Structure formats: structure tokens, C-alpha cells
Amino acid sequence: GESVGLHLPTLSVQEGDNSIINCAYSNSASDYFIWYKQESGKGPQFIIDIRSNMDKRQGQRVTVLLNKTVKHLSLQIAATQPGDSAVYFCAENDYVSGTYKYIFGTGTRLKVLA
Amino acid sequence: EPEVTQTPSHQVTQMGQEVILRCVPISNHLYFYWYRQILGQKVEFLVSFYNNEISEKSEIFDDQFSVERPDGSNFTLKIRSTKLEDSAMYFCASIEWATNNEQFFGPGTRLTVL
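Residues numbered from 1 in each chain as written. Chains lettered and ligands numbered in written order. Predicted model: local features only at pLDDT ≥ 70, side-chain atom pairs only at ≥ 80, totals over all residues. Heavy atoms only, no water.

Engineer: Mind showing me how you'd approach the overall build of chain B here?
Structural biologist: Of regular secondary structure, chain B possesses zero helices and 11 strands. Starting at the N terminus, the α and β elements of chain B follow one another as β-β-β-β-β-β-β-β-β-β-β. Since a compact globule built from 114 residues should have a radius of gyration of about 13 Å, the 13 Å found for chain B is in line with a globular shape. Residue pairs in contact within chain B that sit at least 24 positions apart in sequence constitute 53% of those at least 6 positions apart. Distance between charge centres in chain B, computed from 9 positive and 15 negative side chains, equals 6 Å. (Helix = DSSP H or I, 4+ residues; strand = E, 2+ residues; numbered from the N terminus. Rg over C-alpha atoms; globule rule 2.2 N^0.38 Å. Contact = heavy atoms within 4.5 Å. Lys, Arg positive; Asp, Glu negative; His and termini not counted. Charge placed at Lys NZ, Arg CZ, Asp CG, Glu CD.)

In C-alpha cells:
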């Protein structure tokens, strides 16, 4: 069945270092991927998205990489700051087949160490 | 900046009681969602709603659940007879859809079933 999962439940990084959060997905038909940030007590917040016709997309301090061959997605955060501490979720969607539901992964907690 | 709002922020109810969770999506958005997040777990899709009808629903969204858009602004989730396992955060989300697929989440309603 469909599943989106994360390799590491918790990631601790030093402030100023780069962070890499990984996600594996199993539905090869998924064609749209999103990274969300969830701070304690809040709803998920959109960070960046990527479509399957791309393998890299950059935002402000964030980069998403998509490797469709191995069905792997990663989020890179440059110069990690204390405000980046949160749980990060990847989510996938298969628009082409006509579904509009998003399947979320289990989440990785990012802890930024001062 | 427009945002999705949800009320109440916290709802406590007795098992077997009916609850209605309310959401006001962003005004020009066309696609609406309800998600559930049990404490410490991933965000789970419940239902999507478009053009005044359910577009998709998950296996969680059984006959005890219903959604409604009673007017041009509100989007509600009703649980007819709550169970202990319904205790979770419930998030509403909306997408503009025509030109932007970014999903905006509300702050959530924490439902506690006693």
C-alpha cells in the first residue's frame, strides 16, 4: 500500500550547520511532494514543494531534492537557526490519477543546539 | 495575510456525545480538507471536499463522521458519537487550486474524549 516514511525520528544539529532531513516514499505514481514544518501546538506550515518533473528546487535557505529512481526526498536547511527547531513532515500526492489527498510521513524532529 | 481559522481551540466531550468542529477556510479557496493527528503521530488524511461534495475520504472517515459547508464561509466536521480513540488534533486545510496548490492549515482543534 501507499506509505511515506522518514529514516530518522530525531535530528540534532549545531546552530549554523546545515540540516538534511530525509523521506522515503513508496508510491511511484506520486507526482507532487511537499515539506511541512510543524511547531509545537500549531498546524503544519508549508515550506517548499516539488513536482516529479524536477529533481531540485530551492527556496530561501531550503532546498528539496527528489530522486525518483530510489523514491527518496530530502530537505536541506542551510545555516540552521534556533527557529528551525520543529517537526518536519514530507507529504506526497498523486494528482495525475485524480486523487487530491495528501499522504504524510511520520515526521522528523529537528533540534537545533546552541 | 489570510489564514485558515478553527474553533474551538480545545473541545472536551464525553464518550458518545456529538461534536462539531468548525473551520473558516481562506475566502477564495476551493478545496477543503480535514486531517487528524493523534498525539506524537503523523498527520492523517480524513476527507477532502470540493464543489459542495466529498471528493475523497479515508478509511478513518466512517459513518460517524460527516462534513458540511453550511454557508459560504464555514466548513464543519461532525463526529456523531465520539469514541475515546477520536481524541486527537483535528486540522482543517484549504487550497486555492486554480493557480496555487499550496495547502494552508489552520491551528487545529484539540479534541479530548473522556
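Now, onward.
Engineer: Whenever I open this one, the environment of Thr7 of chain B confuses me. Can you help?
Structural biologist: All names here are of chain B. Tracing the chain through its elements places Thr7 in strand S1 (residues 5–7). By relative accessible area, Thr7 is classed as partly exposed at 46%. Residues Thr7 and Gly108, 101 residues apart in the sequence, show an inter-C-alpha distance of 8.0 Å. The contacts of Thr7, once residues within four sequence positions are left out, are Leu21, Arg22 and Thr109. (Buried < 20%, exposed > 50% of the residue type's maximum accessible area, 1.4 Å probe, protein only.)

Engineer: Could you clarify how one ought to interpret the sheet that holds strand S3 (residues 19–24) of chain B in this entry?
Structural biologist: Hydrogen bonds between backbone groups are what pair the strands of a sheet, and the pairing can be parallel or antiparallel. All names here are of chain B. With respect to topology, four strands assemble into an open sheet ordered S1-S3-S8-S7, the strand pairing being antiparallel. Either end of the sheet is taken by a strand with one partner, and the two such strands are S1 and strand S7 (65–68). On average, each strand axis in the sheet is tilted by 20° relative to the strand beside it, whichever way the strands run. Pairing analysis gives five bridges linking S3 to strand S8 (residues 75–79), with the strands arranged antiparallel. When the bridges of S8 are listed, Leu21 appears paired with Leu77. (Pairing = 2+ DSSP bridges. Axes fitted to C-alpha atoms, helices over the stretch in contact; angles between N-to-C directions.)

Engineer: Which parts of the structure should I look at to understand the interface of chain B and chain A?
Structural biologist: Frequently, the measure chosen for interface size is the accessible area that the parts lose on association. Listed by partner, the interface residues are 19 residues for chain B and 18 residues for chain A. Summed over both partners, the interface of chain B with chain A comes to about 1,600 Å²; 56% of that surface belongs to carbon and sulfur atoms. Taken together, chain B and chain A are joined by zero salt bridges. In this structure, the connection of chain B to chain A is made through three residue pairs in polar contact (both at pLDDT 80 or more). Here the element with the most residues in the side of chain B that touches chain A is strand S4 (residues 31–37) of chain B; it accounts for four residues. (Buried area = accessible area lost by both parts, 1.4 Å probe. Salt bridge = Lys/Arg side-chain N within 4 Å of Asp/Glu carboxyl O. Polar contact = N/O pair within 3.5 Å; in protein donor to acceptor, adjacent residues only side chain to side chain.)

Engineer: Got a minute to help me understand the nonpolar core in this structure?
Structural biologist: Within soluble globular proteins, side chains that are nonpolar generally end up buried alongside one another. Residue and element names in this part refer to chain B. Formed by 22 residues in total, the largest nonpolar core has its most connected members in Trp34, Leu46, Phe61, Val67, Phe75, Leu77 and Tyr90. When residues of this core are traced back to their parent elements, those giving at least two are S3, S4, strand S5 (44–50), S7, S8, strand S9 (88–95) and strand S11 (109–113). The residues touching Tyr90, leaving out its near neighbours within four places in the chain, are Gln6, Leu21, Trp34, Tyr35, Arg36, Leu46, Phe65, Leu77, Ile79, Gly108, Thr109 and Leu111. (Core = buried A, V, L, I, M, F, W, Y, C linked by side-chain atoms within 4.5 Å.)

Engineer: Sorry if this is basic, but what is going on with the environment of Gln60 of chain A here?
Structural biologist: Mapped onto the elements, Gln60 of chain A comes out in the loop between strand S6 (56–58) and strand S7 (62–67). Expressed as a C-alpha distance, the spacing of Gln60 of chain A and Ile77 of chain A, which sit 17 residues apart in the sequence, is 9.0 Å.

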